[in-house]
Amino acid sequence: MLSVQEYLFQLVRDIRDIIGGKMNHIKSTSLIRLWGLLNVPMIFYCRPSIVNINDQVVTLKIPLKWRTKNHVGSLYLGAFAVGADLSAGLLAMRFIRKQNEKIVPIFKDFKADFLKLAKGDVHFTCTQGDEVRELVNTAVQTGERQNLHLNIIATVPSIDDEPVAEMVITLSIKVKE
């Protein structure tokens with residue numbers, strides 16, 4: 001039987017494997033949800049699933065269910081924020097964990113343009129892996145705070161491939177001393 005501390009250390013190692021691409025999407029999804037339950041309950045509540053994760057792209061899905069719907073039957077604003085936050089955050093963590101420095105990502109601002117009603121499961125995609133890698137490397141080299149606007153496109157593939165929302169979230173990182 002694992003102690004609580006041993007269990008949490010194992011969870012952290014498993015999260016690192018997700019970010020590093022060493023796990024399948026089913027196990028990755030389960031661990032992201034567990035991490036959400038322990039750290040950011042809204043993530044757990046929205047039930048995101050990882051669709052694709054690599055050094056260039058992160059795509060995740062938030063299902064349109066009773067817990068994520070608004071009063072008109074489309075995805076609720078808060079669920080859009082969770083999808084944008086998590087897709088950008090997972091991409092950033094892939095590169096941050098490769099450094100031997102203590103770097104904590106934060107998001108400075110969030111802008112969203114809602115183009116259509118999201119009447120199905122929504123996929124959130126962030127495709128700026130090269131820019132995030134460069135941002136992390138610059139932060140490590142200079143020791144100064146670095147910011148990057150990340151674009152997240154939300155689509156409902158079950159209906160069509162047209163974006164239902166376009167979001168910009170500013171990732172801000174600095175090496176902790």
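Source: prediction; values computed, not measured.

Colleague: Whenever I open this one, the overall build of the chain confuses me. Can you help?
Modeller: Of the regular secondary structure elements, the chain holds five helices and six strands. Counting from the amino terminus, helix and strand elements in the chain follow one another as α-α-α-β-β-α-β-β-α-β-β. A sequence separation of at least 24 residues applies to 67% of the contacts in the chain between residues at least 6 apart. When the accessible surface of the chain is split by element, carbon and sulfur atoms take 54% of a total near 9700 Å².

Colleague: Just to check I follow, could you spell out the nonpolar core for this structure?
Modeller: For soluble globular proteins, nonpolar side chains are generally found buried alongside one another. L75, F80, F124, V132, L150 and I152 are the most contacted members of the largest nonpolar core, which has 42 residues in total. Of all the secondary structure elements, the ones that give two or more residues to this core are α3 (41-46), β1 (49-53), β2 (58-62), α4 (77-96), β4 (122-126), α5 (129-142), β5 (146-156) and β6 (160-173). By residue number, the principal contributor to this core is α4, which donates eleven residues.

Colleague: Please explain a positive patch on the surface as it appears in this structure.
Modeller: Residues K102, K108, R145, K174 and K176 make up a contiguous surface patch of positive charge. Within the element layout of this structure, K102 appears in the loop between α4 and β3 (106-114). The exposure class assigned to K102 is exposed, which follows from its relative accessible area of 53%.

Colleague: Help me out: how do you make sense of the sheet that holds β4 in this one?
Modeller: Strands in a sheet are paired, the pairing made by backbone hydrogen bonds, and the direction either parallel or antiparallel. Sheet architecture is open: six strands sit in the order β1-β2-β4-β5-β6-β3, paired in antiparallel fashion. Each edge of the sheet is formed by a strand with only one pairing partner; in this case those strands are β1 and β3. Along the sheet, successive strands turn relative to each other by an average axial angle of 20°, direction set aside. This element, α4, spans β1, β2, β3, β4, β5 and β6 of the sheet and lies at about 150° to β2. The sheet strands contacting α5 are β5 and β6, and the helix crosses β5 at an angle near 160°.

Colleague: Is there a simple way to explain the packing of α4 against α5 in this structure?
Modeller: Between two packed helices, the angle of one axis relative to the other and the distance separating the axes together describe the packing. Closest axis-to-axis distance for the α4/α5 pair is 9 Å, and the angle between their directions is 50°. Taken as axis vectors, α4 and α5 run oblique relative to one another. Regarding α4 and α5, the two cross each other, and that crossing is right-handed. Here L91, A92, F95 and I96 of α4 come into contact with α5, specifically with G129, V132, R133 and V136. Taken together, the residues of the contact of α4 with α5 break down into six nonpolar, one polar and one charged.

Rules used throughout
Residues numbered from 1 in each chain as written. Predicted model: local features only at pLDDT ≥ 70, side-chain atom pairs only at ≥ 80, totals over all residues. Heavy atoms only, no water. Helix = DSSP H or I, 4+ residues; strand = E, 2+ residues; numbered from the N terminus. Contact = heavy atoms within 4.5 Å. Areas by Shrake-Rupley, 256 points an atom, 1.4 Å probe, with all protein chains shown as cover. Core = buried A, V, L, I, M, F, W, Y, C linked by side-chain atoms within 4.5 Å. Buried < 20%, exposed > 50% of the residue type's maximum accessible area, 1.4 Å probe, protein only. Patch = residues over 30% accessible without salt bridge, like charges linked within 9 Å, V, L, I, M, F, W, Y side chains within 5 Å. Salt bridge = Lys/Arg side-chain N within 4 Å of Asp/Glu carboxyl O. Lys, Arg positive; Asp, Glu negative; His and termini not counted. Charge placed at Lys NZ, Arg CZ, Asp CG, Glu CD. Pairing = 2+ DSSP bridges. Axes fitted to C-alpha atoms, helices over the stretch in contact; angles between N-to-C directions. Parallel < 35°, antiparallel > 145°, perpendicular 65-115°, else oblique. Left-handed = near helix turned anticlockwise from the far one by under 90°. Nonpolar A, V, L, I, M, F, W, Y, C, P; charged D, E, K, R; others polar.

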